[in-house]
Amino acid sequence: VVGDGGKRDVGKRNTEVNKIPKADQFSSFTNTKFSSGVASYEAAASVWEREIKENSDLLEEFRNLFLVDENKFDFELFDNLFIPNWYNIFTFNFDNVLEVTQEKCLIKRYAVRAYPHESNDNNDPCILHLHGLINEGSDLDNIVFTSTSYTRLGNSKHDLYDVLHGDVNTNEKNLVI
């Protein structure tokens, strides 16, 4: 299991924050951006949800908080994640760090599956984004981010969690990020 400390060398495309934000950094940035005074990640997520509904131009800025800038990215650091022969890589993060790394990595290729649209119907090794994946075309409905989306996740069939539960009961080597 890898925690978010691995994000320390990630370049990202939003110039106002120098790395993909952890919860406290995200709350702080939200307070600065919207003069909101929130104290938690959940409250900051709600502010972004509301602000994006009022001004859709903010969606691109939100995405850029979590999309890697390939010109600043430390590929060697993250390339090491692909050295072991993982059966699957599970992540609760919705950034694109693993996908950007994999594009440059020659060790092994993984199919990518992400909530809410895809399941893992075969036995091929995958990167499974349990809470969705942000990319150029995604919106807030593609990720588990706000209290609304956590409720939606709880009320829906989510095949990727089935894969996680099944793999936990095997002796396969899995990576959880």
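Below: a short report on this structure.

Criteria and thresholds
Residues numbered from 1 in each chain as written. Predicted model: local features only at pLDDT ≥ 70, side-chain atom pairs only at ≥ 80, totals over all residues. Heavy atoms only, no water. Helix = DSSP H or I, 4+ residues; strand = E, 2+ residues; numbered from the N terminus. Buried < 20%, exposed > 50% of the residue type's maximum accessible area, 1.4 Å probe, protein only. Contact = heavy atoms within 4.5 Å. Areas by Shrake-Rupley, 256 points an atom, 1.4 Å probe, with all protein chains shown as cover. Pairing = 2+ DSSP bridges. Axes fitted to C-alpha atoms, helices over the stretch in contact; angles between N-to-C directions. Nonpolar A, V, L, I, M, F, W, Y, C, P; charged D, E, K, R; others polar. Salt bridge = Lys/Arg side-chain N within 4 Å of Asp/Glu carboxyl O.

## Thoughts on the overall build of the protein
And then number 1: When helices and strands are counted, the protein shows seven helices and four strands.
And then number 2: Taken over 177 residues, the protein has a buried fraction of 48%.
And then number 3: Look at the contacts in the protein between residues 6 or more apart in sequence, and 64% of them connect residues 24 or more apart.
And then number 4: Counting every atom, the protein has about 9300 Å² of accessible surface; 46% of that belongs to carbon and sulfur.

## Description of the pairing of strand E1 (residues 88–91)
And then number 1: Neither face of E1 is left uncovered, since the one carrying Asn88 and Phe90 and the one carrying Ile89 and Thr91 both have all their residues buried.
And then number 2: As defined by bridge partners, E1 adjoins strand E4 (residues 174–176) across three bridges and the pair is classed as parallel. If you follow Phe90 over to E4, its bridge partner there is Val176.
And then number 3: Sheet topology places E1 next to strand E3 (residues 126–129); three bridges connect them, and they run parallel. Within E3, the position partnered with Thr91 by the bridge is His129.

## Digging into the packing of helix H2 (residues 41–54) against helix H3 (residues 58–66)
And then number 1: Viewed as axis vectors pointing N to C, H2 and H3 meet at an angle of 145°, and their least axial separation amounts to 8 Å. Contacts from Trp48, Glu51 and Ile52 in H2 reach Leu58, Leu59, Glu61, Phe62 and Leu65 in H3.
And then number 2: Grouping the amino acids of the contact of H2 with H3 by side-chain chemistry returns six nonpolar, no polar and two charged.

## Regarding the environment of Asn142
And then number 1: Along the chain, Asn142 falls in the loop between E3 and helix H6 (147–154).
And then number 2: Asn142 sits in the buried class, given a relative accessible area of 19%.

## Points about the pattern of salt bridges
And then number 1: Tallied over the full model, the rule gives three salt bridges.
And then number 2: Salt-bridge contacts for Glu61 lead to Lys33; the nearest nitrogen and oxygen are separated by 2.9 Å. Remark: Lys33 occurs in helix H1 (residues 23–34) and Glu61 occurs in helix H3; sequence separation between them is 28 residues.
And then number 3: Residue Glu61 is classed as buried on the basis of its relative accessible area, which comes to 15%.
And then number 4: Accessibility expressed as a relative area gives 31% for Lys33, which makes it partly exposed.
And then number 5: Between Arg50 and Glu51 there is a salt bridge; the shortest N-O distance is 3.6 Å.
And then number 6: The exposure class assigned to Arg50 is partly exposed, which follows from its relative accessible area of 42%.

## Notes on the sheet that holds E3
And then number 1: Read from one edge of the open sheet, four strands run E2-E3-E1-E4, paired in parallel fashion. Each edge of the open sheet carries a strand with a single partner, namely strand E2 (111–114) and E4. On average, each strand axis in the sheet is tilted by 15° relative to the strand beside it, whichever way the strands run.
And then number 2: Note that E2 and E3 share four bridges and pair parallel. Note on E3: the bridge partner recorded for Ala111 is Cys126.
And then number 3: Helix H5 (residues 97–104) contacts E1, E2 and E3 of the sheet and is inclined by roughly 160° relative to E3.
And then number 4: Packed onto the sheet, helix H7 (residues 159–168) meets E1, E2, E3 and E4 and runs at close to 120° relative to E1.

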